[in-house]
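Now for the letters of each chain:
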Amino acid sequence: MSPAVFVSIEIFQKTLTLRLRGVAQGSVLSPLLYDIFINGLLEELEKIVSGVDIDGFNVSALAFADDIALIASDDRILQLLLDVCSRYGCSHGYDYNNSKSN
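Given the structure is predicted, the values throughout are model-derived calculations rather than measurements.

Procedures and definitions
- Residues numbered from 1 in each chain as written.
- Predicted model: local features only at pLDDT ≥ 70, side-chain atom pairs only at ≥ 80, totals over all residues.
- Heavy atoms only, no water.
- Helix = DSSP H or I, 4+ residues; strand = E, 2+ residues; numbered from the N terminus.
- Buried < 20%, exposed > 50% of the residue type's maximum accessible area, 1.4 Å probe, protein only.
- Contact = heavy atoms within 4.5 Å.
- Areas by Shrake-Rupley, 256 points an atom, 1.4 Å probe, with all protein chains shown as cover.
- Polar contact = N/O pair within 3.5 Å; in protein donor to acceptor, adjacent residues only side chain to side chain.
- Phe/Tyr/Trp six-rings, centres within 6.5 Å; stacked < 30°, edge-to-face > 60°.
- Salt bridge = Lys/Arg side-chain N within 4 Å of Asp/Glu carboxyl O.

What to know about the overall build of the chain
The secondary structure content of the chain amounts to 2 helices and 6 strands. Each helix (α) and strand (β) of the chain, taken in turn from the N terminus, gives the series β-β-α-β-β-β-β-α. Here the chain holds 102 residues, and 19% of them are scored as buried. Restricting to contacts in the chain with at least 6 residues of sequence separation, those with at least 24 account for 28%. Of the accessible surface of the chain, which amounts to about 8,000 Å², a share of 56% is contributed by carbon and sulfur atoms.

Take a look at the structure:
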């Protein structure tokens, strides 16, 4: 992830510092904020009705914390899902760790 940018603003004789990029590791809000951020990707993946059928539900991705598992019935569909992830990452400033992906 790119370095964070901090902006300090003085309001009513108090200084408010905002982090404009990234999520503070260890913050109690980090999991919630990350869930909100990554939900858009999961919604995009859900639009592709090309995953596998599990008990009547189309499943193309499983997510837990900051891990995402893509599920596809063939290589072509998997590449389509990867392309969606790549576009989402580019448009939202999100980098994937290719060395952890296989």
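Details of the side chain of Ser60
Relative to the elements of secondary structure, Ser60 occurs in the loop between β4 (57–59) and β5 (61–64). On the accessibility criterion, Ser60 (5% relative accessible area) is buried. Polar side-chain contacts of Ser60 include one of 3.1 Å to the backbone oxygen of Leu45. Those residues in contact with Ser60 that lie beyond four places of it in its chain are Leu45, Glu46, Ile48, Gly51, Ala69, Leu70, Ile71 and Leu81.

A closer look at the packing of aromatic side chains
Applying the stated rule across the entire model yields 2 aromatic pairs. Relative to Phe37, the ring of Tyr34 has its centre 6.3 Å away and its plane inclined at 45 degrees; by these criteria the two rings are tilted. Highlighted residues: Tyr34 and Phe37, both in helix α1 (residues 30–47), separated by 3 residues, approximately one helical turn. Tyr34 gets classed as buried once you look at its relative accessible area, which sits at 14%.

Regarding the pattern of salt bridges
Under the criterion given, the structure shown has 1 salt bridge. Measuring nitrogen to oxygen at the nearest pair gives 3.1 Å for the salt bridge that ties Glu44 to Lys47. Of this pair, Glu44 and Lys47 both sit in helix α1, separated by 3 residues, roughly a single helical turn.

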